[in-house]
Amino acid sequence: MLILTCPYCSVAADETELSAGGEAHVKRETVGADDAAFEQYLFQRENPKGIHFERWRHAAGCGKWFHAARCTNTLEVFGTYSAQTLEPPKNITDAISAARPGWTWRNFS
Amino acid sequence: MSTRLANGGRLIDRNAKVDFTLNGKRLSGFAGDTLASALLGEDQMLMGRSFKYHRPRGVVASGAEEPNALMNLGEGNTFEPNARATTTPLFGGLKAASQNHWPSLEFDVGAINKHLSRFLPAGFYYKMFIHPRPLWKHVYEPFIRRSAGLGRAPEAEARDPDTYEHFYHHTDVLIIGGGTAGLSAALTAGRAGLDVTLMEQNAEWGGRAPVDATCGGPSEIDGVSVDEWINNAIQALEKMKNVTLRTRTMGAGVYDHGYVLCYERLRDHAPELDGPRHRLWKVRAQQIITATGAIERPLSFAGNDIPGVMLASAVRDYAVNYGVSAGDRTVVVTNNDDAYRTAIAMVQAGLSVPAIVDARTMADQGLVSQARALGIEVKQGMGIAKVKGTKRVTGVALCLQAGEGAVLEEIKCDVVAMSGGWSPVVHMWSHCGGKLTWDEDGQFFRPDPDRAPTSHDGKAFVSVAGAANGHMMLGAGLADGASCAAKVVAACGKKVKAKDPVPSATDVTEAPMAPVWIMPQGANISLRAKMWLDYQNDVKVSDVQLAAQEGYESVEHTKRYTTLGMATDQGKLSNINGLAVLSGALNAPIPAVGTTTFRPPYTPISMGSIAGEAKGDIFQPMRRSPLHDWHDDNGVYWEPVGHWRRPYCYTRDGESHADAVNREVKNTRENLGLLDASTLGKIIVKGPDAGRFLDMLYTNMMSNLKVGRCRYGLMCSENGFLMDDGVVARIDEDTWLCHTTSGGADHIHQHMEEWLQTEWWDLKVYVANVTEQYGQIAVVGPNARKVLETLGGMDVSQDALSFMGWADGTLAGIDVRIFRISFSGELSYEIAVKAGQARALWDAIYKAGQGFGVMPYGTETLHVLRAEKGFIMIGDETDGTVIPQDLNLQWALSKKKEDYLGKRAHERSFMADPARWKLVGLLTTDRSVIPDGAYAVADGVNDNGQRNTQGRITSSYYSATMERGIAMALVKDGPDRMGEVLTFPKTDGTEVRAEIVDPVFYDKEGAKQNV
């Protein structure tokens, strides 16, 4: 039962107010992509024990999608941010670096 | 025999006699009793039978850890199985029944299993019943299920009349456990000004300290008696406005980010009270202190499961708290000093203690001297070779602990009070990831403060105090409670005043305990096979040793192989002893073997408390169309559609539902039908980029739709499967109205939002779900135009409003928007109206329709009409694995558009495979209706010996129009096999044959809808 703060309405929302949307920063592949790239897009997901970037929606609140950076092992939350970005903002990656030096996730670090 | 003593009993009121029954026998106890203490007071030691061997079982413990005394409570609607007698408060009229025996508790046929015990070792079921495979399902499993089980499930027709509720609570500090350490912590945190919530699972505050104060424990705290200090503490806490106190409330589970479930039993002790029976607290706490105490461990000696063998602490609890003697002659057997308190308590109660059997050899000091001073014989270095008796202890045979079990002497007794030391209750600490460390001095696992559960900020949010933290002495526990609270206060950003008092008590010095996991140390196999570890599941020392021998070295594997700790008590007594035996068998230290996982709830909580208020009418919300009441008044037969209720059909006198559907179908084709289509999803998509957006969402082109026109569209998910369909209308230059399926409205709206917010956030588009803002009425049939013309207000002629057009106007003075769309193949107008005026419009149409043969029709008629026309239905023809090409809908896949959701997926090899099953119509050769979902069989069998298949039914109805069964199906190469006959086996063993035909059964050219 996580608590995540919605970056749009600033509510510290209980998990019952939220719906999980899987991995964040998945790049859409479409017509023209080869089978391997398209398979990666459709089916292949990270499953880390540790740092993870996820999509959440404030479903029983403002309705907005946002991203969360957290540790799946300790449940530490490093921050939430707009879903309308291709990579996590620097204050988030800095917060992770401070807690977990040397971390990597896909091509972020 | 066990009996009520003439004196004593700090928790009972001897002036208030309480009558109850066990297995129909009338018994009585006193107010304040538990069911277990009242039964003991009535000489009822035998309280149940074990799970596997049906061995007679007496009560062992006095609290939540009890494995044996499980009872059925109540009857009929209030029946409840598996209640622990030790935590069941006694009340007048309580009806209890013992479990897992037949025909009676005293004489049980299943007990013959005990003679088979050498044939029922660990893993027996796995080894015995695995071959031959088919026998498992038909012979072994039904037999095992009948003979296994403890309590039975309530009757299927029973309905719990009690109410339950959920309670949401936010607090700075939640303290679980109102013993002396918990009270000490609450005082410190409360004085520092934090919001404090203190929960105690029992009805009384103070935990074990008041009992032990009477028999060799510290009798004073801060210079006053233990009882008085507890009362003072509660009074002080009650005066603090920032402190919430609850008894009869158990911490059930600790979860992420300070979320805790607590279980309050409000009326279990007094069913006559008003209000909810149980309350589930959903607590969010910044910090949690678990002051959950410790549980005494049994010792493993032969016959340690015979009724009358009890935990030493329980024996003195019954005497001191309830004035109940478990028996006249109590032999105490121990590896530690604490059990001496039981001997002292027995002597003080005027009972006999023939001997204290102590596995240790040590100096004459402290509690040992106190016991000897009372004239109790202490036999050092000794153990129990064997307990005598069957349904009740009659004596013990003693041996040297260091030996192999040669009997040195026998002592007559009727109670054996055992103590193998104490284990901290670490469950709450462990639920959310707190790790444990092995304490060599106390021989127990205790919380490792360096590896606490962490919260959102990466910092610890659970702390532990008192005996739960390994501080078994009263004074040490009080100090630990205060210092734990001080750290929590700091974590919450407050300060404890320097002069804040820390409660203190003078602890009695105790000699170190000795690790004794088997008694005697060198016991042979015949003794080890009678040493019970898990009383409820009949797991013995020999079973765990066998599991280790067979390679089950992981503690989690051993648990599942032997069922150690898997019963309703979840191994509260057996866990550490089992681990120790396993570690001995593996020749590995205990901490290297580790523990199994602690999972919530701490003890079982009622299903009612989990459901809370959600039952009956408020189990889930019901959505009503604006015409709901009219349907209700006009013979409706309801069908649930998502959260909606929709009319399935409207029955008239003497009609079956099938009759009604056939009548509605015919009347709609021949005269005039009215359908409440209000549940249809209605989503407005608006903005300069709305056309571009819809072109990505739908497989066909929507941007080039002309204002005033409608177009049928398909939506696929990104992996190509059909997810929804519906008619899209263009309202103005930058506004489209998308109709979705009734069940799809919410998730299609969310689907749109998701793509707009997370992928195409540069598009200037808003979407709004206006499903409930409008009622929608379909006016269908050859007389549809005539009835609207009668109402007047707008031109609904073919010239003014042609097929697939829409127009705004008024009907009978009501503002409407009419769509010329048809899901039936008939002349059809779907009329949208503001929800508040839907009923007025429906009434007007219905009244005007009287001259045109109007009848309302329901969803089943809608289905038949659309199937006759070969129109697909999302959820019937589609199931999440079907693509538009399977349904011959290639025409709706735009070739002009570069991209849309699902386009790339359709290029994947499996999607493009010509062998995919495709949509056809079917006509049964005998005109019957094929069962929905039936499979068409092909030649040969698959690897499982089942017939191969070549197609399946997706929709199947009786067509009143054609007076025969019709069906739609997905069939391999179907469209190329027109005229072929397929065979469909039915579940009754017969078969039905059907010819492959075009799926459009009625009005193939579509003339009737376009007039």
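Everything numeric in this text was worked out from a predicted model, so none of it was measured.

What counts, and where the lines are drawn
Residues numbered from 1 in each chain as written. Chains lettered and ligands numbered in written order. Predicted model: local features only at pLDDT ≥ 70, side-chain atom pairs only at ≥ 80, totals over all residues. Helix = DSSP H or I, 4+ residues; strand = E, 2+ residues; numbered from the N terminus. Rg over C-alpha atoms; globule rule 2.2 N^0.38 Å. UniProt positions renumbered as here; feature names shortened; annotations may be inferred. Contact = placed C-beta atoms within 7 Å. Nonpolar A, V, L, I, M, F, W, Y, C, P; charged D, E, K, R; others polar. Axes fitted to C-alpha atoms, helices over the stretch in contact; angles between N-to-C directions. Parallel < 35°, antiparallel > 145°, perpendicular 65-115°, else oblique. Left-handed = near helix turned anticlockwise from the far one by under 90°. Buried ≥ 20, exposed ≤ 12 C-beta atoms within 10 Å, placed from the backbone. Pairing = 2+ DSSP bridges. Core = buried A, V, L, I, M, F, W, Y, C linked by C-beta atoms within 7 Å.

Colleague: How do you make sense of the overall build of chain A when you look at a structure like this?
Modeller: Counting secondary structure elements, chain A contains two helices and six strands. Ordering the α and β elements of chain A from the N terminus gives β-β-β-α-β-β-β-α. Taken over the C-alpha trace, chain A has a radius of gyration of 14 Å; the compact-globule value for 109 residues is 13 Å, and the two agree within 12%. Considering only C-alpha atoms, chain A reaches an extent of 40 × 35 × 25 Å along its principal axes.

Colleague: Whenever I open this one, the UniProt feature "domain: SoxA A3" (unreviewed entry) in chain B confuses me. Can you help?
Modeller: Per the UniProt entry, the sites bearing "domain: SoxA A3" (unreviewed entry) are residues 530-612 of chain B in this numbering. In residues 530-612 of chain B, helix accounts for 46% and strand for 6%; the two terminal C-alpha atoms are 44 Å from one another.

Colleague: Explain the interface of chain A and chain B here, please?
Modeller: A common measure of how large an interface is: the accessible area buried when the components associate. With 21 residues of chain A at the interface, the matching set in chain B holds 20 residues. Looking at the side of chain A that touches chain B residue by residue, the classes come out as twelve nonpolar, four polar and five charged.

Colleague: Just to check I follow, could you spell out the packing of helix H13 (residues 541-549) of chain B against helix H15 (residues 575-586) of chain B for this structure?
Modeller: Working note: a packed helix pair is described by the angle between its axes plus the distance between those axes. Residues and elements named next belong to chain B. In the contact formed by H13 and H15, the axes pass within 9 Å of each other and the chain directions differ by 45°. The angle between H13 and H15 places the two elements in the oblique class. Classified by chirality, the crossing of H15 by H13 is right-handed. The residues of H15 that touch H13, namely those facing Val 541, Val 544, Gln 545 and Ala 548, are Gly 578, Val 581, Leu 582, Ala 585 and Leu 586. The class makeup of the residues in the contact of H13 with H15 is seven nonpolar, two polar and no charged.

Colleague: Would you explain the UniProt feature "domain: Aminomethyltransferase C-terminal" (unreviewed entry) in chain B in this entry?
Modeller: UniProt's feature table lists "domain: Aminomethyltransferase C-terminal" (unreviewed entry) at residues 918-1003 of chain B, given in the numbering used throughout. Summarising residues 918-1003 of chain B: 0% helix, 56% strand, and an end-to-end C-alpha distance of 22 Å.

Colleague: Please explain the pairing of strand S26 (residues 415-419) of chain B as it appears in this structure.
Modeller: Residues in a regular strand point their side chains to alternate faces of the sheet. All names here are of chain B. Where burial is concerned, most of S26 is hidden: five out of the five residues are buried. Here S26 shows two buried faces, one formed by Val 415, Ala 417 and Ser 419 and the other by Val 416 and Met 418. Pairing between strand S18 (residues 309-311) and S26: three bridges, direction parallel. Bridging from a neighbouring strand, Leu 311 pairs with Met 418 of S26. In this sheet, S26 lies alongside strand S20 (residues 329-334) in parallel orientation, the contact comprising five bridges. In the sheet register, Thr 330 faces S26, and the bridge partner there is Val 415.

Colleague: So what exactly am I meant to see when it comes to the nonpolar core here?
Modeller: The nonpolar side chains of a soluble globular protein tend to be buried, and buried together. Residue and element names in this part refer to chain B. With 175 residues, the main nonpolar core has Ala 185 and Val 416 as its most contacted residues. Examining the composition of this core, we find that eight residues originate from one element, helix H11 (residues 474-491), more than from any other. Other than its neighbours up to four places away in sequence, Val 416 contacts Gly 308, Val 309, Val 331, Val 333, Val 387, Val 393 and Val 396. If you look at the next biggest cluster of nonpolar residues, it comprises 105 residues, including Leu 675, Val 833, Leu 841 and Ile 872.

Colleague: So what exactly am I meant to see when it comes to the pairing of strand S48 (residues 947-959) of chain B here?
Modeller: Residue and element names in this part refer to chain B. Bridge analysis of strand S47 (residues 935-941) against S48 gives four bridges, and the strand direction is antiparallel. Directly across from Val 941, in S48, lies its bridge partner Arg 947. The turn joining S47 and S48, which pair antiparallel and follow one another in sequence, is formed by five residues; a positive phi near 80° is taken by Gly 945. Across eight bridges, S48 lies against strand S49 (residues 964-972) in antiparallel orientation. Bridging from a neighbouring strand, Gly 951 pairs with Val 971 of S49. The loop that links S48 with its antiparallel partner S49 comprises four residues; one of these, Glu 963, has a positive phi angle of about 55°.

Colleague: Got a minute to help me understand the environment of Asn667(B) in this structure?
Modeller: All names here are of chain B. With respect to the helices, strands and loops of the structure, Asn 667 is situated in helix H19 (residues 657-670). For Asn 667, a count of 19 C-beta atoms within 10 Å gives the class partly exposed. Beyond its immediate chain neighbours, meaning those up to four positions away, Asn 667 contacts Gly 673, Gly 853 and Met 855.

Colleague: I would appreciate a short explanation of the sheet that holds strand S3 (residues 25-31) of chain B in the present structure.
Modeller: The pairing of strands in a sheet comes from backbone hydrogen bonds and takes either a parallel or an antiparallel form. Residues and elements named next belong to chain B. Ordered in space as S3-S2-S8-S6-S7, the five strands form an open sheet in which the pairing is mixed. Of all the strands in the sheet, the pair left with one neighbour each is S3 and strand S7 (80-84). Direction aside, the axes of adjacent strands within the sheet are offset by 40° on average.

Colleague: Would you explain the environment of Ile996(B) in this entry?
Modeller: Residue and element names in this part refer to chain B. Checked against the element boundaries, Ile 996 lands in strand S51 (residues 991-997). Residue classification places Ile 996 among the buried positions, given that 23 C-beta atoms sit within 10 Å. Between the alpha carbons of Ile 996 and Thr 983 there is a distance of 11 Å; along the sequence they are 13 residues apart. Discounting chain neighbours no more than four positions away, the residues touching Ile 996 are Val 920, Leu 922, Val 971, Gly 974, Arg 977, Met 978, Gly 979, Glu 980 and Leu 982.

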